[in-house]
Amino acid sequence: MLPPELPPLPALTRAEAELIDRYLDVVDLLGRINPARSGDTYRGLRAAQALVGRAAELRDALTLMHQRGETELHAATLARALRVLDGDRRTARVTVPSDAAS
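Notes on the structure in this doc start here.

So, how was this worked out
- Residues numbered from 1 in each chain as written.
- Predicted model: local features only at pLDDT ≥ 70, side-chain atom pairs only at ≥ 80, totals over all residues.
- Heavy atoms only, no water.
- Helix = DSSP H or I, 4+ residues; strand = E, 2+ residues; numbered from the N terminus.
- Contact = heavy atoms within 4.5 Å.
- Buried < 20%, exposed > 50% of the residue type's maximum accessible area, 1.4 Å probe, protein only.
- Expected span 1.5 Å × (residues − 1).
- Axes fitted to C-alpha atoms, helices over the stretch in contact; angles between N-to-C directions.
- Parallel < 35°, antiparallel > 145°, perpendicular 65-115°, else oblique.
- Left-handed = near helix turned anticlockwise from the far one by under 90°.
- Nonpolar A, V, L, I, M, F, W, Y, C, P; charged D, E, K, R; others polar.

### Digging into the environment of Glu16
Following the sequence through the fold, Glu16 ends up in helix H1 (residues 14-33). It is 8.5 Å that separates the C-alpha atoms of Glu16 and Leu73, two residues lying 57 residues apart in sequence. If we ignore the near neighbours within four places in the chain, the residues touching Glu16 are Ala11, Met65, Glu70, His74 and Leu78.

### Here we look at unusual backbone geometry
The backbone of Asp86 sits at a positive phi, close to 65 degrees, despite the residue not being glycine. Mapped onto the elements of the fold, Asp86 is located in the loop between helix H3 (75-84) and helix H4 (87-92). When its relative accessible area of 33% is taken as the criterion, Asp86 is described as partly exposed.

### Here we look at H1
The terminal C-alpha atoms of H1 lie 29 Å apart, and with 20 residues this matches the ideal 28 Å at 1.5 Å per residue to within 8%. For H1, the set of buried residues is Ala15, Glu16, Leu19, Ile20, Arg22, Leu24, Asp25, Val26, Val27, Asp28, Leu29 and Gly31. Check the buried side of H1 and you find it contacts helix H2 (41-67), H3 and H4.

### Focus on the packing of H1 against H3
Close contact between H1 and H3 brings their axes to 11 Å; oriented N to C, the two are set at 50 degrees. Comparing the axis directions of H1 and H3 gives the class oblique. Read as a crossing pair, H1 and H3 show a hand that is right-handed. Where H1 approaches H3, its residues Glu16, Leu19, Ile20, Tyr23 and Leu24 are matched on the opposing element by Leu78, Ala81 and Leu82. Among the residues making up the contact of H1 with H3, the classes are represented as seven nonpolar, no polar and one charged.

Structure follows, in structure tokens:
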């Protein structure tokens with residue numbers, strides 16, 4: 001049985017797509033570092049080391065957008081893209097879990 005088909009990704013500029021990709025990279029690393037989640041220190045250390053480079057890539061994506069004249073973030077479109085790319089689950093790993101989830 002095939003999994004349900006995901007909704008299509010909204011139309012994004014190349015710079016917007018890069019922004020979304022780099023943002024989710026940073027979110028994934030922050031989720032691994034989150035001290036409120038179980039895991040080992042080595043995993044957190046490796047994620048923290050990688051975070052520096054990913055944050056620079058995120059900065060570069062935003063810089064490129066600004067230089068190209070894309071000075072406004074279209075929040076509704078970008079939020080749809082994040083949802084299609086499982087952003088809800090990925091960003092939830094960054095928050096402090098409720099007492100029931102710990």
